[in-house]
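# Analysis of the macromolecular model
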Protein chains: 2
Amino acid sequence: MACINNNFTKIPENYLFSEIAHRVAEYKASHADASIISLGIGDVTRPLCPSVIQALHQAVDEMADEKTFRGYGPEQGYKFLIEKIIKHDYNSRGISLDTDEVFISDGAKSDLGNIGDLFDFSNLVAVTDPVYPVYVDSNVMAGRAGIMGKNGRWSNIVYLPCSSENKFVPALPKLVPDIIYLCYPNNPTGTTLTKSELKVWVDYAREHGVLILFDSAYEAFITEPDVPHSIYEIDGAKDVAIEFRSFSKTAGFTGLRCGYTVVPKTVTASTSDGSHIALNRLWNRRQCTKFNGTAYIVQRAAEAVYSEQGKKEIKQNIDYYLTNAKIIRDGLSYAGMKLYGGVNAPYIWAKTPNNIDSWTFFDQILTECNVVITPGVGFGPQGEGYIRMTAFGNRDNCVEAVKRIAKIF
Amino acid sequence: MACINNNFTKIPENYLFSEIAHRVAEYKASHADASIISLGIGDVTRPLCPSVIQALHQAVDEMADEKTFRGYGPEQGYKFLIEKIIKHDYNSRGISLDTDEVFISDGAKSDLGNIGDLFDFSNLVAVTDPVYPVYVDSNVMAGRAGIMGKNGRWSNIVYLPCSSENKFVPALPKLVPDIIYLCYPNNPTGTTLTKSELKVWVDYAREHGVLILFDSAYEAFITEPDVPHSIYEIDGAKDVAIEFRSFSKTAGFTGLRCGYTVVPKTVTASTSDGSHIALNRLWNRRQCTKFNGTAYIVQRAAEAVYSEQGKKEIKQNIDYYLTNAKIIRDGLSYAGMKLYGGVNAPYIWAKTPNNIDSWTFFDQILTECNVVITPGVGFGPQGEGYIRMTAFGNRDNCVEAVKRIAKIF
């Protein structure tokens, strides 16, 4: 009889956003007239920009004609898109990459989950706390997490606490891990590392042979000059880091599905006989075996993001969200809340008042303000006593939500 | 230091279609004028049908408007598509399914690869031989295959030989496996099982607690009445089988990327403590953690396949390919080749003349006829002495290729 991967039984059934949805539905059931505004889930609301729409229509028409129809594309993605990515996202920052070092996919979540296929279950993994749940859950499924303790932490995962006390800059771990996930600009805290702060991690990884999985899905929101957009802006990172990027937040592709992963050919890991092997080759093999490429029309849409007009249009949307972030920060900090992030990121991380716990504050904001936020503890034990708000809503809702929350202070 | 999943080092570097591409490129380099026709890779050539194109344009326009824009969709897929699938692909054949038993994805290859996440590495896996390489390679990566023997077979995989001797109907294995992959209509042989032949497997699975992973990506090509389109047409299959489907061949979506997987809630596997657990729950958790849903516009395109007009249009394309298949079968069997399949499938499987090996015949056909076919041995040891031809090309090329090959007999 087929035996399941028993690691699946270890993952708690309740998932953060389902629990939120459940509580909201329950509240709505008894308050049918409530006009609820969500600052909760990190999903965009601005429509796709005109350049992207035009590229989609054009690509769809190509698919209608035998002469221009495209069937299976390369599993790694089309060169036309990879070349644009390298030119605009990397060469422009002094980083060189070969076209076979960039892999197009249906999104960063898939790649961040699937990258685990490449590694042995014995690797020691480190994550920041709070953290995007996918890093942890995908490692639990792969058997790398150990068992869940009463403190909400997995026995085999190294946690790097991030809080207002350390200004959300994690300290190097005492126990050297094999793999570290870093996400900057950070989800959920909206905070960043400066170049010199990120350099500490790259140097540490080089010294100890640690692999960094760097998630820079929010780089398009960076406004300050000293914040690196790519980990490869740090010397030596191409030997130790894989970078994950997405068009989801950059260009509103959450419903269109496109991301990419950079695996420099110089990044290696060890085999059981002690030799080193390039992860580029392994990721290529994984993708060729278990993935069949990203939709052609979606890759054309992503390409349009890099045209002069496309760049202007997506910048307008990003500015729109960053203005929302400023409205939240200004309004709620004036009301007395302690806030972090929101300057180089679409997320604002806030201390709950009087140290009440995240879920209690969630319920209070839901019932008294009819606003949905995300309880910080959902991102890890260190998130207790914090909440996350997102700037992805529309302007009127954002202004109204801030007014309502400010009132209760 | 990060340690790789050492199973990756076991997979031979040469992949069937890269080796073919390599030999073709080499031939072209010294024969620049050769007009080469491919009956090789199984990719469609007909453009998307008008109903699908129209649905795509309409969905793209929705994404341009704030009021109709869609961000993240359900990881499991939109209900509008799932309901159409259940009604047209299942209810119409007397099969009932709940909407949470169907999962939309970016294609059957992803699902067939990723389903392995759910199972322990200790499971004994059976495959037919010859076989679609993804089943085997994804199990090698997961550590379920053992080591590759000199006979081209993995030590821990149970092979079910299919050849002209048993009319491509595999015999039940002597050693009971935990998981069996079945693909009907079959890739690569183009052959099928009748209802009573498939019933033997369902009964066997029920009796021995075996899980069947049933790939019916080619069901739309079935023309004969006694050939089941879905494994759930067989009584009791909903307790033992997961079914994988794709719009790739049905509606020409190879470049658009959409498939679906049916996991009935009654299909279970055992946990380490001997209890049973529903695979539906596990697959849902896997997809929610490591996948973020299929593009909205692509799901609207798939929905259009089920409209009255859409059905007519995709049938025209399928008839076109089946006519190609008939041209290949008639032309080459008249020339003296022994052929199988091509009646309920877009693939024709053929014996090489005089028992020469697959690659020698491949080279002969390439150099003497300038036609690319796929060597049968690339699908497994039992494929030695066979070749696969596909009916997915355009009509003129198909007719010309048959003429050229017939000449050398």
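As a reminder, the structure under discussion sits directly above these lines.
Conventions we followed
Residues numbered from 1 in each chain as written. Chains lettered and ligands numbered in written order. Predicted model: local features only at pLDDT ≥ 70, side-chain atom pairs only at ≥ 80, totals over all residues. Heavy atoms only, no water. Helix = DSSP H or I, 4+ residues; strand = E, 2+ residues; numbered from the N terminus. Buried < 20%, exposed > 50% of the residue type's maximum accessible area, 1.4 Å probe, protein only. Contact = heavy atoms within 4.5 Å. Areas by Shrake-Rupley, 256 points an atom, 1.4 Å probe, with all protein chains shown as cover. Phe/Tyr/Trp six-rings, centres within 6.5 Å; stacked < 30°, edge-to-face > 60°. Lys NZ or Arg CZ within 6 Å of the ring centre and 35° of its normal. Core = buried A, V, L, I, M, F, W, Y, C linked by side-chain atoms within 4.5 Å. Expected span 1.5 Å × (residues − 1). Buried area = accessible area lost by both parts, 1.4 Å probe. Salt bridge = Lys/Arg side-chain N within 4 Å of Asp/Glu carboxyl O. Polar contact = N/O pair within 3.5 Å; in protein donor to acceptor, adjacent residues only side chain to side chain. Nonpolar A, V, L, I, M, F, W, Y, C, P; charged D, E, K, R; others polar.

## A few points about the overall build of chain A
- Assigned secondary structure in chain A consists of 11 helices and 15 strands.
- Principal axes of the C-alpha set define a box for chain A whose edges measure 55 × 55 × 50 Å.
- Each of the 409 residues in chain A was classed as buried or not, and the buried ones make up 62%.
- Pairs at least 24 residues apart make up 73% of the contacts formed inside chain A by residues separated by at least 6 positions.
- Carbon and sulfur atoms provide 50% of the accessible area of chain A, an area that totals close to 14,900 Å².

## Re unusual backbone geometry
Residue and element names in this part refer to chain A.
- A cis amide bond links Asp-129 to the next residue, Pro-130, at an omega of 5°.
- Along the chain, Pro-130 turns up in the loop between β3 (125-129) and α5 (133-141).
- Its identity is not glycine, yet Lys-167 carries a phi of approximately 55°, on the positive side.
- Checked against the element boundaries, Lys-167 lands in the loop between β4 (157-161) and β5 (179-183).

## So, the packing of aromatic side chains
- Counted by the stated rule, this structure contains 41 aromatic pairs over all chains.
- Measuring from ring centre to ring centre gives 6.0 Å for Trp-201 of chain A and Tyr-204 of chain A, while their planes differ by 75°; the resulting arrangement is edge-to-face. Here Tyr-204 of chain A and Trp-201 of chain A lie together in helix α6 (residues 195-208), a separation of 3 residues that amounts to about one turn. Neither Trp-201 of chain A nor Tyr-204 of chain A differs from the other in exposure class; each is buried.
- With a centroid separation of 6.2 Å and an interplanar angle of 65°, the aromatic rings of Trp-349 of chain B and Phe-379 of chain B are classed as edge-to-face. Of the two residues, Trp-349 of chain B is situated in strand β12 (residues 347-351) and Phe-379 of chain B in the loop between β14 (374-375) and β15 (386-390); the sequence distance between them amounts to 30 residues.
- With relative accessibility at 0%, the residue Trp-349 of chain B sits in the buried group.
- Of the residues examined, Phe-379 of chain B reaches a relative accessible area of 3% and is grouped as buried.
- A network of ring pairs unites the aromatic residues Tyr-218, Phe-221, Tyr-320, Tyr-321, Tyr-347 and Phe-392 of chain A as a single cluster.
- The aromatic ring of Phe-80 of chain A is capped on one face by Arg-300 of chain A, whose charged end is 3.6 Å from the ring centroid.
- One Lys or Arg, Arg-395 of chain A, reaches over the ring of Tyr-320 of chain A and ends 4.4 Å from the middle of that ring.

## So, the nonpolar core
- Within the largest apolar cluster, 140 residues are counted, with the highest numbers of intra-cluster contacts made by Phe-253 and Ile-297 of chain A together with Phe-253 and Ile-297 of chain B.
- The biggest single contributor to this core is helix α2 (residues 50-63) of chain A, with 7 residues.
- The contacts of Ile-297 of chain B, once residues within four sequence positions are left out, are Leu-56, Leu-256 and Ile-297 of chain A together with Leu-56, Ala-59, Val-60 and Met-63 of chain B.
- If you look at the next biggest cluster of nonpolar residues, it comprises 74 residues, including Tyr-181 and Ala-269 of chain A together with Ile-11 and Val-267 of chain B.

## Quick notes on helix α9 (residues 308-334) of chain A
Residues and elements named next belong to chain A.
- Between the first and last C-alpha of α9 there are 38 Å, a value that for 27 residues agrees with the 39 Å anticipated at 1.5 Å per step.
- Those residues of α9 that fall on the buried side of the exposure criterion are Gly-310, Glu-313, Ile-314, Asn-317, Ile-318, Tyr-320, Tyr-321, Leu-322, Asn-324, Ala-325, Ile-328 and Leu-332.
- Lining the buried residues of α9 we find α2, α8 (296-304), β11 (339-341), β12 (347-351), β15 (386-390) and α11 (395-407).
- The positive-phi residue at the C-terminal boundary of α9 is Gly-336, with phi of around 115°.

## Remarks on the interface of chain A and chain B
- Counting residues at the interface gives 82 residues for chain A and 82 residues for chain B.
- Roughly 7,100 Å² is buried in total at the junction of chain A and chain B, and carbon and sulfur atoms are behind 57% of that figure.
- Counting the surface chain A buries against chain B, the share from its top three residues, Met-1, Tyr-72 and Arg-285 of chain A, is 11%.
- Taken together, the connections running from chain A to chain B amount to 6 salt bridges.
- One salt bridge connects Lys-109 of chain A with Glu-75 of chain B, and the closest N-O pair in it is separated by 3.3 Å.
- Linking chain A to chain B there are 41 residue pairs in polar contact (both at pLDDT 80 or more).
- With 9 residues, the single largest contributor to the side of chain A that touches chain B is helix α7 (residues 279-290) of chain A.
- For the side of chain A that touches chain B, the residue count by class is 34 nonpolar, 28 polar and 20 charged.

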